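# Descriptive structure summary
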Amino acid sequence: MNGSWFNINVAGKTVEVYDPPAAKPRFGLLFLHPLGLETLRGRPAYTKIFDKMNLVCACPHSGRSWWADRVCSEFDAAMTPEQHLLKNVLPMFQDRWQLAPRAIGIFGISMGGQGALRLAFKHPGLFPVAAGISSAFDYHELYGEGSPLDDMYDSKEQCRQDTAILHIHPSRYPPHLFFCCDPDDEKWHRGNDRLHEKLAALGVPHTIDLETQAGGHSWPYFDHMAAPTLRFLYDGLDKESRRLL
């Protein structure tokens, strides 16, 4: 028996939700979509594991907002995507499934991957378990190309100052971090390697895979990395649940 997808309205915004077949999910996952706005709907590489591990997954929509704490007209005229996640989407897990914040892992792909890790760096108490697939950490390089970034930030440097690597606190960080990137992903691999170097220099524990090749920055690679990413998230949440007991 398979779970099911359905759309719900959260504070006037669409969230796609996956419910596994079991009555009560063990843990919850918050997925942040990439720049192409694709969610995990219709992605059996992910949903098969959701069913197996009894995981609920919520995929909010945000437009090309980069999941930042900046107003993006594609998302909303007043509320930032980050505040929407914190104030509206995260409480939904408690309301619908009785899952507290520390029972929720956050992950994403490309634009969503950098957003997931940046949120975890900024709010490690809320997101102790985080992962990014092909994360677009150096997204400031896209500034000036006519995207919503041009309106969200005053300059390329201001945009760079908001990237995930500059939100790392040397003594306050999420205990379970994973990120991966295909070495053939020419645009984003160096940013992932740079984040690894920074975390290693600070002594921040993390797990990486920057060597697996499976199609570059593409859905074949994203699907290929579904199993190790979801296993990492599940194991991290399991450790957190036992630690809190």
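Model, not experiment: these values are computed from the prediction.

On the basis of which strands lie adjacent, the open sheet formed by 8 strands has the order S1-S2-S4-S3-S5-S6-S7-S8 and mixed pairing. Two strands bound the open sheet, and with one partner strand each, they are strand S1 (4–10) and strand S8 (207–209). Here the average twist between neighbouring strands, direction ignored, is 20°. Sheet topology places S1 next to strand S2 (residues 13–19); 7 bridges connect them, and they run antiparallel. Its bridge partner being in S2, phenylalanine 6 is matched across the sheet by valine 17. Helix H3 (residues 111–122) contacts strand S3 (27–32), strand S5 (104–109), strand S6 (129–133) and strand S7 (176–180) of the sheet and is inclined by roughly 145° relative to S5. Here helix H6 (residues 189–202) sits on the sheet in contact with S7 and S8, set at roughly 150° to S7.

Turning next to the pairing of S6. On a regular strand, each side chain points to the face opposite its neighbour's, so the side chains alternate between the two faces of the sheet. Of all the 5 residues making up S6, 5 are buried; the element is thus mostly covered by neighbouring parts of the structure. Side chains Val129, Ala131 and Ile133 project from S6 onto one buried face, and the interleaved Ala130 and Gly132 project onto a second face that is buried too. Note: S5 against S6, 4 bridges, orientation parallel. In the strand pairing of S6, phenylalanine 107 is matched with alanine 131. As defined by bridge partners, S6 adjoins S7 across 5 bridges and the pair is classed as parallel. Bridged to glycine 132 within S7 is phenylalanine 179.

Scoring rules and cut-offs
For every chain, the first residue of its written sequence is number 1, and the numbers climb from 1 along that sequence. For this predicted model, a pLDDT threshold of at least 70 governs which residues receive local features, and a threshold of 80 or more governs which side-chain atom pairs are given and counted, while totals over whole chains, interfaces and linings are taken from all residues. Water and hydrogen atoms were dropped before computing side-chain values, which therefore reflect all heavy atoms in the structure. Following DSSP output, two strands are said to pair if at least two bridges run between them. Strands are runs of DSSP state E lasting at least two residues, helices are runs of H or I lasting at least four, and both sets are numbered from the N terminus onward. What counts as an axis is a line fitted to C-alpha atoms, over the stretch in contact for a helix, and the angles between N-to-C directions run from 0 to 180 degrees. Any two residues having at least one pair of non-hydrogen atoms within 4.5 Å are treated as being in contact. Between buried and exposed lies partly exposed: a residue is buried under 20% and exposed over 50% of the maximum accessible area for its type, with that area taken using a 1.4 Å probe on protein chains only.

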